[in-house]
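# Notes for the structure review
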Amino acid sequence: MLITLGIIFGDIGTSPLYTFQTLLQEGGTSSQDFVFGAISCVFWTLTLQTTFKYIFITLRADNHGEGGIFSLFALVRRYGKWLAIPAIIGAGTLLADGIITPPISVASAIEGLGEVPKLANIMVPGSRLIIGIVIGIILLLFVFQQFGTKVIGAAFGPVMLVWFLMIGTLGALQIAHLPSVLRALNPYYGAHMLATHPRGFWLLGAVFLCTTGAEALYSDLGHCGRKNIQMTWIFVKTTLVLNYLGQGAWVLSQATKPNFTTVNPFYAIVPHSFLIPSVIIATFATIIASQALISGSFTLINEAIIMNFWPRVAVKYPSNIRGQIYIPVINWVLCFGCIAVILYFQTSAAMTAAYGFSITIAMLMTTILMYYYMRYKRHWPIWVVTIILCVFLSVEFSFFLANSVKILKRLFFLVFEFGLIFTMYVWFKARKINNRFLHFIDLKDQIPLLTALSADQGVSKYATHLVYLTKANNSKQIEQKIMYSILSRKPKRADVYWFLHIERTDDPYTMEYSVEEIEDDKVIRVEFRLGFRIQPRINVLFRKVVEDMVTRNELDILSRYESLNKFNLAADFQFVIIEKFLSYNNEFSFSEGFILNSYFAIKKLAQGEAKAFGLDTSETRVEKIPLIVKPVTNVVLKRIDPLQAYKEEQF
């Protein structure tokens, strides 16, 4: 549970730093009705959205202990091909709004130094000093990613425990001075504020800030487990509610209402003697919250790569902790995005005006996928599923409409957001088009050809063991392009032909294989069954398969060359990777042409197949073949007599 505090609740746990202040700024008043209404809305949003939807229901949709929108998609994808679309939109929007979470959290913490009387004139929100400190912290955080969080990870839990105890205690002390503030938990006050305030409904955009971390909470399910998250949430929610109530009590107890543009109620309830320590604790808490979001982004992209939603990029493993990965290109894109957000918005208050829009879309997409999970996977009664769906959609669509006004303030993000969704969609759609033109042939018919070629001493030997990756799910089939590679142009003679196939399972961490000798000591097929969170490092996995077969006396890997065999030297293995490029000999429809041209343009920036599958370049040859989707057919070419052509030219 201590680890859960450090990993899961960082984002939602640091929201009191800016949520109530934003509500007061946008509400334009600090009357009792408004304060009670604001706290009531926050409390019931945490109850309905976080507790009911995510803690009680969505966490049940675990894929062998793993959570997140791609894990959920893996569970329900068989019930509708179109479900890839909400998965793509949900993942893209979650990543896009992720670049604002570290800046808004760290900036709101550092701005608390402005509450210290001696620093009030120096630590002004938006000043170069605060912007510089925030950028420095963010930069160090991203630089540190390549080393992993193993060293400091153990401190995450205790730091967040201190944070939650601090905010709960500070809130409780204020409630003790004004116990009547507890009436704000009555839903009547929230409904009354939304109905009577001039900007009532649109204030939901600010209310939503209190639950922005709920989607990330589900994404990190695999790190801690459902029971730990559910039990820990009782403590977390209690401290959050106490802090919001305490901020409200402080506001109501002020004789002269302060300007909430410069005064943050969160720091106002902190005793002056404890202000600097509280800022330090808040800064560490926001760094931990940012770390959890960055790690979640790496996991999300890694799943997208494996499930063919994202081009292959380098994935590294900075420690031996299960599931901990580092993706350099994503790390630096996020770093650049976070720094750009700080420089563009400058203050945490300005950031809150643009925060939350994308998260509402991500939550709506999760709700759509959850419907299929509850109805078809868990077989809940249709009336129960309908009621749950109506509640979620009503709440989330209201938040979506209220946050939609923020789109004008977040035009800055649209390019980044659109780029993520566009890349995922193009990659997914192009792979589908590409797979339509895979031609499989009967492998049994090819065995005599392979046997004859292997025995033909007139053809120079290409390799002792020749290895191909195949997409054929059926062991009795093989791609036509593989046989073309072996038999055409310069034939590739080998003693043993290996065909490796990777099957992606819906289980996150499956690592299994099976071996089938289709032709004894001549044609061997290996089937790898890998979970969608396992990196397909074929070089390592295949070596393990060969070692197992040698141990079982199923394979002799001594060199087949007579001169080398007597010295007991190992045989050579050669991998052949077949990559496609888009042929000029194509006539597309506009949509197919756009998708495929975009796909191959993105592919040039991505990692090559050899690196993606972890194959050593010294043992690997990459062959490029053209992809012809719709060949040009209407070619009108007139043949003329050579002599006639010469005479006409002379004339």
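Only a predicted model underlies this, so the values are computations on that prediction, with no experimental measurement involved.

Cut-offs and rules
- Residues numbered from 1 in each chain as written.
- Predicted model: local features only at pLDDT ≥ 70, side-chain atom pairs only at ≥ 80, totals over all residues.
- Heavy atoms only, no water.
- Salt bridge = Lys/Arg side-chain N within 4 Å of Asp/Glu carboxyl O.
- Helix = DSSP H or I, 4+ residues; strand = E, 2+ residues; numbered from the N terminus.
- Buried < 20%, exposed > 50% of the residue type's maximum accessible area, 1.4 Å probe, protein only.
- Polar contact = N/O pair within 3.5 Å; in protein donor to acceptor, adjacent residues only side chain to side chain.
- Contact = heavy atoms within 4.5 Å.
- Core = buried A, V, L, I, M, F, W, Y, C linked by side-chain atoms within 4.5 Å.
- Patch = residues over 30% accessible without salt bridge, like charges linked within 9 Å, V, L, I, M, F, W, Y side chains within 5 Å.
- Areas by Shrake-Rupley, 256 points an atom, 1.4 Å probe, with all protein chains shown as cover.
- Pairing = 2+ DSSP bridges.
- Phe/Tyr/Trp six-rings, centres within 6.5 Å; stacked < 30°, edge-to-face > 60°.
- Lys NZ or Arg CZ within 6 Å of the ring centre and 35° of its normal.
- Axes fitted to C-alpha atoms, helices over the stretch in contact; angles between N-to-C directions.
- Parallel < 35°, antiparallel > 145°, perpendicular 65-115°, else oblique.
- Nonpolar A, V, L, I, M, F, W, Y, C, P; charged D, E, K, R; others polar.

### What about the pattern of salt bridges?
Pairs can form between side chains of opposite charge once their charged atoms are near each other. Using the criterion set out here, one finds eight salt bridges in the structure. Of the charged contacts in the structure, one is a salt bridge between R529 and E512, with a shortest N-O distance of 2.5 Å. You can see R529 sitting in strand β6 (residues 523-531) and its partner E512 sitting in strand β5 (residues 511-519), a full 17 residues away along the chain. Its relative accessible area of 42% is what places E512 among the partly exposed residues. One salt bridge in this structure joins R525 and E527, with 2.9 Å as the shortest N-O distance. Relative accessible area serves as the criterion here: at 4%, R525 is assigned to the buried category. Sharing partners across several salt bridges, the network here consists of E503, E512 and R529.

### Considerations on the side chain of S348
Secondary-structure assignment places S348 in helix α18 (residues 348-352). A polar contact is formed between the side chain of S348 and the side chain of E111, at a distance of 2.7 Å. For S348, the residues in contact, after removing those within four places along its chain, are I104, A107, S108 and E111.

### Overview of unusual backbone geometry
Most peptide bonds are trans, and most residues other than glycine sit at a negative phi. We note that D521 has phi near 55°; this positive angle belongs to a residue other than glycine. Here D521 is to be found in the loop between β5 and β6. According to the relative accessible area criterion, D521 is partly exposed, its value standing at 33%. Although it is not a glycine, N568 adopts a positive phi angle of roughly 60°. Mapping N568 onto the fold places it in the loop between α25 (562-565) and β7 (573-582). A relative accessible area of 57% places N568 in the exposed class.

### Overview of the side chain of N331
With respect to the secondary-structure elements, N331 resides in helix α17 (residues 328-345). With relative accessibility at 0%, the residue N331 sits in the buried group. What N331 contacts, discounting residues up to four positions off in sequence, is F142, Q145, I294, F298 and Y326.

### What about the nonpolar core?
Counting residues in each nonpolar core, the largest one holds 150 residues, and the members touching the most others are F9, F70 and W163. In this structure F70 touches A87, A91, L300, E303, A304, M307, F309 and M424, once residues within four positions along its chain are discounted. Counting 21 residues, the second largest nonpolar core, distinct from the first, contains L500, I524, V526 and F573.

### Remarks on a nonpolar patch on the surface
The grouping of L48, I382, W383, I387 and V391 at the surface amounts to a nonpolar patch, some 470 Å² of accessible area in total. Per-element tally for the nonpolar patch: the top contributor is helix α20 (residues 382-404), with four residues. Checked against the element boundaries, I387 lands in helix α20. For I387, a relative accessible area of 48% gives the class partly exposed.

### A short note on the pairing of β6
Within β6, eight of the nine residues are buried, leaving the element largely enclosed by the surrounding structure. Examined bridge by bridge, strand β4 (residues 493-505) and β6 share nine bridges and lie parallel to one another. Paired with Y497 across the two strands is V523, which belongs to β6. In the sheet, β5 pairs with β6 via eight bridges, with the strands oriented antiparallel. Among the inter-strand pairings, M511 is bridged to a residue of β6, identified as L530.

### Regarding the environment of S290
In this fold, S290 is placed in helix α16 (residues 275-306). Judged by its relative accessible area of 0%, S290 is buried. Taking C-alpha positions, S290 is 8.4 Å from L141, a pair spaced 149 residues apart along the chain.

### A closer look at the packing of aromatic side chains
Per the stated rule, a full pass over the model turns up 26 aromatic pairs. Between F9 and W233, the aromatic rings sit 5.8 Å apart at their centres with planes inclined by 25°, giving stacked as the arrangement. Remark: W233 occurs in helix α14 (residues 226-253) and F9 occurs in the loop between α1 (2-7) and α2 (10-13); sequence separation between them is 224 residues. For the pair formed by F9 and W233, the shared burial category is buried. Ring geometry for F201 versus W202: centroids 5.3 Å apart, planes at 85°, classification edge-to-face. The exposure class of W202 is partly exposed, given its relative accessible area of 37%. In textbook terms, an aromatic cluster arises when at least three aromatic residues are bridged by ring pairs, as seen for Y79, W82, Y371, Y372 and Y376. One cation-aromatic arrangement involves K53 over F392; the distance from NZ or CZ to the ring centre is 5.7 Å. Here the guanidinium or amino end of K461 rests over the ring plane of Y561, the centre of that ring lying 4.5 Å away.

### Focus on helix α5 (residues 69-76)
Among the eight residues that make up α5, eight are buried, leaving the element largely enclosed by the rest of the structure. Turning to α5, its buried residues number three or more, namely I69, F70, S71, L72, F73, A74, L75 and V76.

### Remarks on the packing of helix α4 (residues 32-57) against α14
Between α4 and α14, the least distance of the axes is 10 Å, while the angle of their chain directions is 170°. Here α14 runs roughly antiparallel to α4, going by the angle between their axes. Contact with α4, carried on its side by Q32, V35, F36, I39, V42, F43, L46, T47, T50, T51, I55 and F56, involves I229, Q230, W233, K237, V241, Y244, L245, G248, V251 and L252 of α14 and no other residues of that element. Split by residue class, the contact of α4 with α14 holds 15 nonpolar, six polar and one charged.

### A look at the environment of G28
Within the secondary structure, G28 sits in the loop between α3 (19-27) and α4. When its relative accessible area of 65% is taken as the criterion, G28 is described as exposed. Considering only alpha carbons, one finds G28 and F260, 232 residues apart in sequence, at a separation of 9.1 Å.

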